[in-house]
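The primary structure of each chain is shown beneath.
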Amino acid sequence: MSPLYDDDDVECSAAPAAAPAESRTPAPKPSFFRKWGPALVAIAGVLAVNSFLLGPTGSRIPALNSRQLAARSARDERTKAVMDMEWDHQADLKRGVSNMSGARQLSESEGGVMEYTRRRHRYLGEYVHVDVSDQFTLLGKISISLIYFAFWVFLMFPNWFLPIGRPGIALGGGLCMVVFRYILLLTGQGPAFDAAKVIILEPLFLLFGLMLTTIYLEKMERGGLFDKLRDSLDDPVNWKRSAKIMAMSTIGSAAVMNDSVVLIFSGVVVDLCVRHKVANSLPYLLSLATTANTGSALTMTGNPQNILIVSLAYDDISWTEFLTNMVLPVIAASTINAIMLFLYYAGELFPGSSSAIEAIGIVFSGNRTPEMLAQEHAYHARNVAKAEDETDAQAGWSIWSKIQIVIVLIFLVCFAAGLDVCVTSICAGAVLMVLAAWKRQHFDPKPEIVDYDAEGNALPPKKMYDMDGNEIEPEEEELVTESETTLTEVDYGLLMLFIGQFILIGSFDDTGVPQGFFNIAMGGCAEQMTSVPCVYWFVLVITILSNVASNVPVVQMLAATFPYASPYDWMQVSFSATIAGNLTMLGSAANMIVAFQAAKVGDRTFTSERHAPFGIPSTLLSLYAGTFLLSMVHFSPECSIKLGECEE
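Residues numbered from 1 in each chain as written. Predicted model: local features only at pLDDT ≥ 70, side-chain atom pairs only at ≥ 80, totals over all residues. Heavy atoms only, no water.

Draft legend 1. Inspection of the overall build of the chain at higher detail. Within the chain, the secondary structure is distributed over 27 helices and two strands. Burial statistics for the chain: of 648 residues in total, 49% are counted as buried. Sequence separation of 24 or more characterises 79% of the internal contacts of the chain that already satisfy a separation of 6 or more. (Helix = DSSP H or I, 4+ residues; strand = E, 2+ residues; numbered from the N terminus. Buried < 20%, exposed > 50% of the residue type's maximum accessible area, 1.4 Å probe, protein only. Contact = heavy atoms within 4.5 Å.)

Draft legend 2. Highlighting a nonpolar patch on the surface. Together, Val 327, Leu 328, Ile 331, Phe 628, Met 632, Val 633 and Phe 635 make up an exposed nonpolar region whose accessible area comes to about 660 Å². Listing elements by their share of the nonpolar patch, those giving two or more residues are helix H14 (319-344) and helix H27 (608-632). Here the element with the most residues in the nonpolar patch is H14; it accounts for three residues. Its place among the elements puts Met 632 in helix H27. According to the relative accessible area criterion, Met 632 is exposed, its value standing at 58%. (Patch = residues over 30% accessible without salt bridge, like charges linked within 9 Å, V, L, I, M, F, W, Y side chains within 5 Å. Areas by Shrake-Rupley, 256 points an atom, 1.4 Å probe, with all protein chains shown as cover. Salt bridge = Lys/Arg side-chain N within 4 Å of Asp/Glu carboxyl O.)

Draft legend 3. Layout of the pattern of salt bridges. The tally for this structure, following the rule as stated, stands at 11 salt bridges. Across the pair Arg 72 and Glu 527 runs a salt bridge whose closest N-O atoms are separated by 3.0 Å. With Arg 72 in helix H2 (residues 66-83) and Glu 527 in the loop between helix H22 (513-522) and helix H23 (534-549), this residue pair connects regions lying 455 residues apart in the sequence. By relative accessible area, which is 37% here, Glu 527 ends up partly exposed. For the salt bridge of Arg 75 with Glu 527, the shortest nitrogen-to-oxygen distance reads 3.8 Å. One end of the pair, Arg 75, is in helix H2; the other, Glu 527, is in the loop between H22 and H23, and 452 residues separate them in sequence. Salt bridges sharing common partners tie together Arg 72, Arg 75, Glu 527 and Glu 645.

Draft legend 4. Main features of the nonpolar core. Of all hydrophobic cores here, the largest spans 98 residues; its most connected members are Trp 239, Leu 288, Tyr 345, Phe 350 and Phe 606. Tallying contributions element by element places helix H21 (residues 492-510) first for this core, with 10 residues. Formed by 55 residues, the second largest nonpolar core is a distinct cluster that contains Met 300, Met 326, Trp 570 and Ile 579. (Core = buried A, V, L, I, M, F, W, Y, C linked by side-chain atoms within 4.5 Å.)

Draft legend 5. Representation of helix H12 (residues 282-296) in the model. Given a rise of 1.5 Å per residue, 15 residues ought to cover 21 Å, and the 21 Å separating the end C-alpha atoms of H12 matches this to within 8%. The buried count for H12 comes to 15 of 15 residues, which makes it a mostly enclosed element. (Expected span 1.5 Å × (residues − 1).)

Draft legend 6. Summary view of the environment of Val 270. Structurally, Val 270 is set in helix H11 (residues 258-275). In sequence terms Val 270 and Val 594 are 324 residues apart; their C-alpha atoms lie 9.9 Å from each other.

Draft legend 7. Spotlight on the packing of aromatic side chains. Under the counting rule described, the total for this entry stands at 15 aromatic pairs. Measuring from centroid to centroid gives 5.3 Å for Tyr 344 and Phe 614, while their planes differ by 80°, and the two rings are edge-to-face. With a gap of 270 residues between them, Tyr 344 in helix H14 and Phe 614 in helix H27 connect regions that are remote in the sequence. What makes Tyr 344 buried here is its relative accessible area of 11%. Relative accessible area serves as the criterion here: at 0%, Phe 614 is assigned to the buried category. Taking 5.9 Å as the distance between ring centres and 70° as the angle between the ring planes, the aromatic pair formed by Phe 518 and Phe 562 counts as edge-to-face. Remark: Phe 562 occurs in the loop between helix H24 (551-561) and helix H25 (567-579) and Phe 518 occurs in helix H22; sequence separation between them is 44 residues. Each member of the pair, Phe 518 together with Phe 562, is buried. (Phe/Tyr/Trp six-rings, centres within 6.5 Å; stacked < 30°, edge-to-face > 60°.)

Draft legend 8. Broad picture of the packing of helix H8 (residues 201-219) against H21. Between H8 and H21, the shortest axis-to-axis distance is 10 Å and the interhelical angle comes to 170°. Relative to H21, the element H8 lies roughly antiparallel. Between H8 and H21, the contacting residues are Pro 203, Leu 204, Leu 207, Phe 208 and Met 211 on the first element and Tyr 492, Leu 494, Leu 495, Phe 498, Ile 499 and Phe 502 on the second. (Axes fitted to C-alpha atoms, helices over the stretch in contact; angles between N-to-C directions. Parallel < 35°, antiparallel > 145°, perpendicular 65-115°, else oblique.)

Draft legend 9. Geometry of the packing of H14 against H25. Packing of H14 against H25 brings their axes to within 11 Å, and their N-to-C directions diverge by 40°. As H14 packs across H25, the resulting crossing turns out to be right-handed. Residue-level inspection shows Glu 321, Phe 322, Asn 325, Met 326, Pro 329, Val 330 and Ala 333 of H14 in contact with H25, the latter providing Pro 567, Met 571, Ser 574, Phe 575 and Ile 579. In the contact of H14 with H25, the residues fall into nine nonpolar, two polar and one charged. (Left-handed = near helix turned anticlockwise from the far one by under 90°. Nonpolar A, V, L, I, M, F, W, Y, C, P; charged D, E, K, R; others polar.)

Draft legend 10. A look at the state of the cysteines. Throughout the structure, instances matching the rule amount to one disulfide. Between the sulfur atoms of Cys 525 and its disulfide partner Cys 534 the distance amounts to 2.1 Å. Disulfide Cys 525 to Cys 534: torsion about the S-S bond roughly -65°, handedness left-handed. The same class applies to Cys 525 and to Cys 534, which are both buried. Cys 427 forms no disulfide, and the closest cysteine sulfur to it belongs to Cys 414, at a distance of 8.6 Å. (Disulfide = S-S within 2.5 Å.)

Draft legend 11. Fine view of the side chain of Thr 291. With respect to the secondary-structure elements, Thr 291 resides in helix H12. Note on Thr 291: relative accessible area 3%, which makes it buried. The contact partners of Thr 291, leaving out residues within four places of it in the chain, are Ile 245, Met 246, Ser 249, Thr 250, Leu 286 and Asn 337.

Draft legend 12. Fine view of H25. Taking 1.5 Å per residue as the helical rise, H25 with its 13 residues ought to reach 18 Å, and the 18 Å between its terminal C-alpha atoms agrees with that figure. The buried fraction of H25 is high, at 13 of 13 residues.

Draft legend 13. Fine view of unusual backbone geometry. For the bond from Val 532 to Pro 533, the omega torsion is 10°, close enough to zero to count as cis. Topologically, Pro 533 is positioned in the loop between H22 and H23. Residue Lys 277 is not a glycine yet carries a positive backbone phi of 55°. Relative to the helices and strands, Lys 277 is located in the loop between H11 and H12. Judged by relative accessible area, which is 45%, Lys 277 ranks as partly exposed. Even without glycine at this site, Ser 550 takes up a positive phi of about 80°.

Here it is in structure tokens:
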């Protein structure tokens, strides 16, 4: 076992390992410093680095140079010019304030850059970030913040309190916030709260569509696409199985979206743990969740905050520009995360190894310990027995599996073509639902209800008669609909979890506390946030805010606070806000999905208490290594082209 966890501290739905229970001596429970020591060292390390670079009190923050002063002047002039422009309010309403489609490519006759800037300012001011913090009294801000942080703790550690579960806690917190905001409104302590506006519907539609698609891919046919995908990740060697999960999660998150990947593969990973009877599934769930977050930083479509950044950035950011900037930081972060995972959980991933050095030797030399050889022999024995039981039809690709592949490929093509991912995912689920219903009605064998006698002989069906002795014809069997079967397996509790979180976070953001924390924390670095040495403090502040107030609201806040941020600025924001998702359980929606999906099938190892000892040091080390590489090698300009800063 890993030195961080003992057997008694781990809950898992998997069966115990094959070794006899009496031959296994339970490991002593780790001390506080042994468990949390790496995390404390990592936190102390980043604080020491920033103290060295900026000074304990910020005395070493450099003064703004001539380029930065000129940029500030250009921003002020552009804002003043935009505010002085005449504009047609009715035309804006007719077009839609939030409709920025094609605004970046406006011709000179249509207003050009200035008209685009005006529309964007209104979009940022009236849709993305409505600043109502000045309408709160001090009591209102403090009380809302206390409610938010109370439920943040409840969500982080749900097992410390009543056994309600995260969906119930989040929904209760959202309702509590709505009621309390109404009380503040009646007492004059705060403004009205539009709860419906802060609920972001796109992630909810996407999750519903993905859950629908995943359920039908898994349930349509035994031995079909989903089972073959599960088999492709299987391996008798533990560390190789973990490496396959990490590779799949990294590539899949960059190509599709991290939430999609973890939603599809959480159950697969737990099933592999059960199949191999592992004692601790946490390393494999961490392999999925952490690399899904890290890999999603690679492309602009990897996660919701990247999609939002590209849409809110003042300058154009192309897909290739985003990718080329993120290659080195993501490779570094993925490598660091994988190495730390192998070292933290060497006992589980390298059974029989006595040290980290031996584990490294196993990876590069291909050696096997006796325990690993025993696992391989058991694995191959199971596969031989399984192959003898399977029919040829189950072993090959049936017509239904091929249809599934076609539908999935069409879904990926539509996603890559830029079509709405929410509509695409729901349509894919709906098509699979119709296909499954057609298959079940016309092709699947009908269940036969037959009674047998004591000797095993089939008995003829019983006949029934009415009072006059007439035979009663049996009624046709009532069809079972999809609404009664598969649709009931959609995790509506997960949707409730996100709705409650949206309400909590939206109300907390209204108070202006996150914005105030950012301004106070950045201090003199606010206008040079991505310049060395301020960038290392900036990414730490973004990491903290992303775990407290969520990364999407943080991106919206930065877009409204720094409307002319350069493409390079947004690259740093994207990387730090994404990698921050690995810090704590609540740092990323992907983490919550993994925990929820694993708990659904009985595996409750993925908790905040067990995630943080690995997540904190891994995240901070990956964050600072990637930030260093991105600051040294980047291809996006450090100035705004549309603002004219790059003309000098």
